[in-house]
Every structure is written in structure tokens, then in C-alpha cells.
Amino acid sequence: MEVKRESWGTRFGFVLAAAGSAVGLGNIWRFPYLTGENGGSAFILIYLVFVFLIGLSVMIAEFALGRNSGLSAVGAVKSYSDRWTFVGVMGVLSAFLIMGFYPVVGGWALAYIFESFAGLYTRTPEAIDQAFGTFITGTARPIIWMLIFLGMNIIIVAKGIKGGIEQAARVLMPTLFILLIFISIRSVTLEGAGAGVDFLFRPDFSEVNGGTFLAALGQAFFSLSLGMGAMITYGSYLSKKETIPQNALIVTGLDVGVALLAGIAMFPALFAFGMEPAQGPGLVFVVIPIVFSQMGGLGIIFGIIFFVSLAVAALTSSISLLEVVASYLIDQKNVKRKTAVYSTGVLMAFMGVLTSLSLGVFDPLPTLNVGFFDLFDILSDKVFLGFGGMFIAVITGWVANKEVLREELTNEGTTDFVLFEAWHFLIKWIIPPAVAIVAVFGILDIEETAVMIFGLAIIAVLAIFSRKLD
Ligand code: PHE
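Values in this document were obtained by computation on a predicted structure and should not be read as measured data. The numbers attached to residues start from 1 for each chain and follow its sequence in the written order. Per-residue local features are limited, in this predicted model, to residues with pLDDT of at least 70; the limit for side-chain atom pairs, both in listing and counting, is 80 or more; totals at the level of whole chains, interfaces and linings are taken over all residues. Side-chain metrics rest on all non-hydrogen atoms present in the structure, leaving aside hydrogens and water.

Overview of unusual backbone geometry
For step 1, the next point in the chain: Backbone geometry at Asn334 places phi at a positive 55°, although glycine is not the residue there.
For step 2, the next point in the chain: Only DSSP runs of H or I reaching four residues or more are called helices, and only runs of E reaching two or more are called strands; each is numbered from the N terminus. With respect to the element layout, Asn334 can be found in the loop between helix H14 (298-333) and helix H15 (337-358).
For step 3, the next point in the chain: A positive phi angle, close to 60°, is found at Glu412, a residue other than glycine.
For step 4, the next point in the chain: By the secondary structure assignment, Glu412 is in the loop between helix H17 (402-409) and helix H18 (420-445).

Observations regarding the packing of aromatic side chains
To describe a pair of aromatic rings, you give the distance between the ring centres and the angle between the ring planes.
For step 1, the next point in the chain: Geometry of aromatic contacts follows a simple scheme: Phe, Tyr and Trp rings, the Trp one being its six-membered ring, pair when their centres are within 6.5 Å, and the pair is stacked under 30 degrees between planes, edge-to-face over 60, tilted otherwise. Within the structure shown, the criterion is met by 36 aromatic pairs.
For step 2, the next point in the chain: Look at Tyr121 and Phe292: their rings are 5.6 Å apart centre to centre, the planes differ by 90°, and that puts the pair in the edge-to-face class. Taken together, the positions of Tyr121 in the loop between helix H5 (85-117) and helix H6 (125-136) and Phe292 in helix H13 (residues 283-293) put the pair 171 residues apart, joining distant regions of the chain.
For step 3, the next point in the chain: Here, a charge over a ring means that NZ of Lys or CZ of Arg falls within 6 Å of the ring centre while also lying within 35 degrees of the ring normal. In this structure, Arg30 is placed above the aromatic ring of Phe222, and the distance from its NZ or CZ to the ring centre is 5.1 Å.
For step 4, the next point in the chain: Sitting over the face of the ring of Trp398, Lys428 holds its NZ or CZ atom 4.4 Å from the ring centroid.

Re a nonpolar patch on the surface
For step 1, the next point in the chain: Like charges are joined within 9 Å and nonpolar side chains (Val, Leu, Ile, Met, Phe, Trp, Tyr) within 5 Å, but only among residues with over 30% relative accessible area and no salt bridge; these make up the patches. Accessible areas in this description were obtained via Shrake-Rupley with a 1.4 Å probe; residue shielding takes into account the shown protein chains only. Here a salt bridge means any side-chain nitrogen of Lys or Arg lying within 4 Å of a carboxyl oxygen belonging to Asp or Glu. Taken together, the side chains of Phe177, Ile178, Ile181, Phe182, Ile185, Ile250 and Leu254 make up a nonpolar region of the molecular surface, amounting to roughly 590 Å² of accessible area.
For step 2, the next point in the chain: Within the residue set of the nonpolar patch, elements represented by two or more residues are helix H8 (164-188) and helix H12 (244-272).
For step 3, the next point in the chain: Among the elements that line the nonpolar patch, the one with the most residues is H8, at five residues.
For step 4, the next point in the chain: Take Leu254: it is sitting in helix H12.
For step 5, the next point in the chain: Given the relative accessible area of 36%, Leu254 is considered partly exposed. When accessible area is computed with a 1.4 Å probe and restricted to protein chains, residues below 20% of their type maximum are described as buried, those above 50% as exposed, and intermediate ones as partly exposed.

Quick word on the site of the ligand
For step 1, the next point in the chain: One heavy atom suffices: a residue is near a molecule or strand as soon as one of its heavy atoms comes within 4 Å of it. Ala22, Gly26, Tyr102, Phe222 and Ser225 are the nearest of the 15 residues found near the ligand.
For step 2, the next point in the chain: Between Ser21 and the ligand, the recorded distance is 3.2 Å, taken from a backbone N or O atom to a nitrogen atom.
For step 3, the next point in the chain: For this analysis, a polar contact is any N or O atom pair within 3.5 Å, provided that within protein one partner can donate a hydrogen and the other can accept it, and provided that sequence-adjacent residues contribute only side-chain to side-chain pairs. Here a nitrogen atom of the ligand and a backbone polar atom of Ser223 are 3.1 Å apart.
For step 4, the next point in the chain: Computed on the free molecule, the ligand has an accessible area of 330 Å², of which 100% lies beneath the protein chains in the complex.
For step 5, the next point in the chain: Only helix H1 (11-22), helix H2 (25-37), H5, helix H10 (210-223) and H14 provide two or more residues apiece to the shell around the ligand.
For step 6, the next point in the chain: Looking at the shell around the ligand residue by residue, the classes come out as seven nonpolar, eight polar and no charged. The nonpolar class holds Ala, Val, Leu, Ile, Met, Phe, Trp, Tyr, Cys and Pro. Asp, Glu, Lys and Arg form the charged class, and all remaining residues, Gly among them, are polar.

Section: helix H3 (residues 41-69)
For step 1, the next point in the chain: Each residue after the first adds 1.5 Å to the expected span of a helix. Taking 1.5 Å per residue as the helical rise, H3 with its 29 residues ought to reach 42 Å, and the 40 Å between its terminal C-alpha atoms agrees with that figure.
For step 2, the next point in the chain: To get the bend at a given residue, fit one axis to the seven residues ending there, fit another to the seven starting there, and take the angle between those axes. Maximal helix bending in H3 amounts to about 40°, located at Val51.
For step 3, the next point in the chain: In terms of residue burial, H3 counts as a mostly covered element, since 23 of its 29 residues are buried.

Description of the environment of Gly151
For step 1, the next point in the chain: The topology assignment puts Gly151 in helix H7 (residues 140-159).
For step 2, the next point in the chain: Along the chain, Gly151 and Val346 lie 195 residues apart, while their C-alpha atoms are 9.8 Å from each other.

Description of the pattern of salt bridges
For step 1, the next point in the chain: In the structure shown here, the tally under the stated rule is 12 salt bridges.
For step 2, the next point in the chain: The salt bridge partner of Arg337 is Glu323, with a shortest N-O separation of 3.1 Å. One end of the pair, Arg337, is in helix H15; the other, Glu323, is in helix H14, and 14 residues separate them in sequence.
For step 3, the next point in the chain: It is possible to trace a salt-bridge network through shared partners that takes in Lys402, Glu403, Arg406 and Glu421.

Thoughts on H14
For step 1, the next point in the chain: With 36 residues, H14 should reach 52 Å at 1.5 Å per residue; the first-to-last C-alpha distance of 52 Å fits that figure.
For step 2, the next point in the chain: Of all the 36 residues making up H14, 27 are buried; the element is thus mostly covered by neighbouring parts of the structure.
For step 3, the next point in the chain: After H14 finishes, the residue Asn334 shows a positive phi value of roughly 55°.

Section: the nonpolar core
For step 1, the next point in the chain: Residues belong to a common nonpolar core when they are buried Ala, Val, Leu, Ile, Met, Phe, Trp, Tyr or Cys residues joined through side-chain atoms within 4.5 Å. Among the nonpolar cores identified, the biggest contains 173 residues, and Ile28, Trp29, Trp108, Phe285 and Phe306 are the most heavily contacted of them.
For step 2, the next point in the chain: The greatest single-element share of this core, amounting to 20 residues, is contributed by H5.
For step 3, the next point in the chain: Pairs of residues are marked as contacts when any of their non-hydrogen atoms sit within 4.5 Å. Once you skip the residues sitting within four places of it in the chain, Ile28 turns out to touch Leu176, Leu180, Val258, Ala262, Met266, Val284, Phe306 and Leu310.

Topic: the side chain of Glu62
For step 1, the next point in the chain: Take Glu62: it is sitting in helix H3.
For step 2, the next point in the chain: You can call Glu62 buried: its relative accessible area is 0%.
For step 3, the next point in the chain: Beyond its immediate sequence surroundings of up to four residues, Glu62 is in contact with Ser225, Leu226, Gly227, Met228, Gly229, Ala230, Met231, Ile232 and Ile392.

So, the packing of H3 against H10
For step 1, the next point in the chain: Interaxial angles span 0 to 180 degrees and are taken between N-to-C directions of axes, which are lines fitted to C-alpha atoms, for helices over the stretch in contact. Close contact between H3 and H10 brings their axes to 8 Å; oriented N to C, the two are set at 45°. What the angle tells us is that H3 and H10 run oblique. For H3 against H10, the interelement crossing comes out right-handed. Contact with H3, carried on its side by Phe43, Ile46, Tyr47, Phe50, Val51, Ile54 and Val58, involves Thr212, Phe213, Ala215, Ala216, Leu217, Gln219, Ala220, Phe221 and Ser223 of H10 and no other residues of that element.
For step 2, the next point in the chain: The residue inventory of the contact of H3 with H10, partitioned by class, reads 13 nonpolar, three polar and no charged. Throughout this description, any angle smaller than 35 degrees is read as roughly parallel, any larger than 145 degrees as roughly antiparallel, any in the 65 to 115 degree range as roughly perpendicular, and the remainder as oblique. Take the far helix as your reference; a near helix turned counterclockwise from it by less than a right angle gives a left-handed crossing, and one turned clockwise gives a right-handed crossing.

With respect to the side chain of Thr316
For step 1, the next point in the chain: Locating Thr316 in the fold gives a position in helix H14.
For step 2, the next point in the chain: In terms of polar contacts, Thr316 uses its side chain to reach the backbone carbonyl oxygen of Gly20, at 2.9 Å.
For step 3, the next point in the chain: Among the polar contacts listed, one links the side chain of Thr316 to the backbone oxygen of Ala313, at a separation of 3.0 Å.

Take it as geometry only, folks, not as evidence of what the structure does.
Okay, structure coming up:
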């Protein structure tokens, strides 16, 4: 059956949407703080190797599976064999897990737009640091901002994702890019910035262990929106005229570019102000405002633009997460778009409340020994995305027909993909064992062993009952 699928209006529309999904809090919030916690440039190097050796290939695979089947995550993998339905279901679950914490951080970005007006940049560095801690451990305020951020997602996805958000992203994504360049220049020219530049570019492998590799792999998948079907879903809307490898390369390049820029914007300043690199999740919300506070009157203008564009970057990512769940309910369960989005939204709001409170009033969960924030974070990017990416590679390399893939990736032989054989070899022989090895060594080193085992158990159960899922 020929499935008629709406597709992106223009080439630019697709790249923008896919890059919009990829570039988000993962690049500007998560990448810098992971780099800080994992010792700097050695982590960055490992991350870059994973991005280009594993991530890029998996992205090509996801676009190909999506466009070839014309279906979103679950339907696409199932169309190859129902043995693999569970991989799509893992993707839907990953979307839920990530949306359990993403809107909380998105809400922080929204709140900081208003903090920018309220004199944030006139405070001392210590006061800026303290204000952030007080804010996120509070009760009502972060929850309200989370709900506003989630509400924006719900409105956009309920309408279908081609509307106003494309317009907003078209303007604000380039703005964010330019702004990061500005901040980077300010940051590296601060007195004492040299130590930060060293931290970013002089690799020190003495602290590297299995946990570092696992964190870098999880970040590569998270940042590129891979391993859970978002790019399969977006690929299913991709026009047959477009060349997949080229689009994948552009999206990956933009994503890495923004992450590195975010690092350059933050670390030199951080060292110049004598702060610790292992700041954790507060990094961007503390260091960037401190940089702005050194800019006099300009600080407030930069601050407002920065947090507006951060919120929009987050929004173009989170709508792709919500879309994975919605398109699953629409395609596989015949649910109406609005019903799908509203019911999913209510569940996500509930998770967001738990996550937000886990930073303040809640105690860690028994047995697992982490709060909801860490639980959702570790389960998604250290377990589900990596294994999801591994299974997607297995389906592409071992189940899908190689010649069909060749046709798909060369548009029936009308365009070149000279690296097709190399790509197929990587997907079939290298990526599955590589991900498995990183996962095993990661589990041995990570502190949150209980969470990892819990995640693996969920995957095992889903895999066993794969044929019963749909
Ligand atoms: N890539 C997004 C970011 O970096 C997060 C994301 C992950 C979006 C997985 C969709 C799917 O912020």
C-alpha cells in the first residue's frame, strides 16, 4: 500500500526541523555540564568520535527507515518484522522519560527570561549562584514554569508541527548561534580565561573510565535526538527528492557546532571567575548570567535574547519528543491528534511535577537511591537511547534489505553516496558491538548500578513480549 504522507514544504523546512530537534538543552545545558563533570577535553574528544562514527551513521539509518516505511517509530520498525516492535515501543518510552525532565529545565529557561528583567545581572556572582539554587529547589515557581513550557508544546503539537514554530525557529536559531559566538568572544577575552581554554582543548586522559565513555555515548545519542525514533518519525515526512546522507551531515555538523560553542562560551568564563567546573545542571544558569553581569547595561539585553533563544531551542526539541508519542497513538492506535496530545500532556505534566519536586522537598527513591530527575535522565540517555540506537543499527544492518537501503540512500541511483559500503559495514558490524561494550564497561563504573539494572530489565521484558506489543 502506498502511504500518502504530508512532507516538509521546503528542503530548508526539513533541515530546520531536524536540526531544531537536535539542537536544544542537550547542547547548551547538558553538554557543558557533562564536560565539566567528566574532566574536560578528553570527554569532548570521546564524544566527537562517537558522534561521527556512531551517531551520524545511526542518523542516516533512522532517516532511511522512516522515509522507506513512511511510518513513525513503532510502525516503521514493525514493518520490518514484529520481532522488533519493542524497539519502537522503547522509543515511545524514551520520549516519556525525557519529557519527564526536559520541560522542567525548559521552564527554568523561561523563568530566566523574566529574571533578566528583574535585575539578575546587577547581582554579585555569589548571589546569582545562590538564586538559582533557591529557585530550582522551590515548590510552586519551578512547577508553574514547567507547566507553561509543557503547555506551549501541547498547543504546537496539537496543531500539527508545521505551523508557527517553524517561523520562530527560522529566526531564533540563527540568533542563538550568533549570540553564542559573541558570548564566546567575551568569555575567552576575560582575564584568567586561559585555564578554561586549556580545560577544553588539552586532553587529560588520567580521569577517563568506563563511566566517561558511557556518558559520552549517551550524550551523543541525546544531543542528536537518536535511538528513540524521533529522526525515524521526521524521516517519514522527508520528501523522496532529498538526499539523506547530506541532510544527516548538515544536522550533525550544526549540532556539534552549537555544543562546542556553548562550551567555549562557558568554560573560559567559569575559570576566570574561579569557579569549579563540576557545577552540575546549574552551569548554564549560573555562569552565563555572571558573564552578562560583567557587561554593564548590555548584559540585560544579551540576557533576554539568550534565554528567549534557549527556550525556543528547547521547544523545537521537546515538540519532537511529544510528536513521537503523538504520532504513535495516531498511526498505530487511531487516536485523534488532539486527544493523543492532550492525554499524553497530562501524563507528562505529572512526571514534571515529580521531577521538579525531586530537586527540593522529595527524598531519593528507595532501592534505586536517586530522585526522579536522575532516574528519568539516567534511564533515558544512559540506557534506553544507547540500546535503542544499537537495535536500530541491528535492524538496519541485519534485517532491512541492503539493496533497498542503497536505493533509498541514493534516491534510486540518481544521487551518489560513495560511502554507502562503509556506512553499511559500520551499521552492521561495528556499531552494535561497540555500543554493547561501552554499556558493559559503563555499568561497571557507574554509581547508579540499580537504575541501570532496572532499565535493562524493562528492555528485556519488552523484547520478550515484542510480538504482543504494537
Ligand atoms: N536532542 C535534543 C537536545 O539536545 C533532545 C532530544 C533527544 C530531542 C531525543 C528528541 C529526541 O536537547
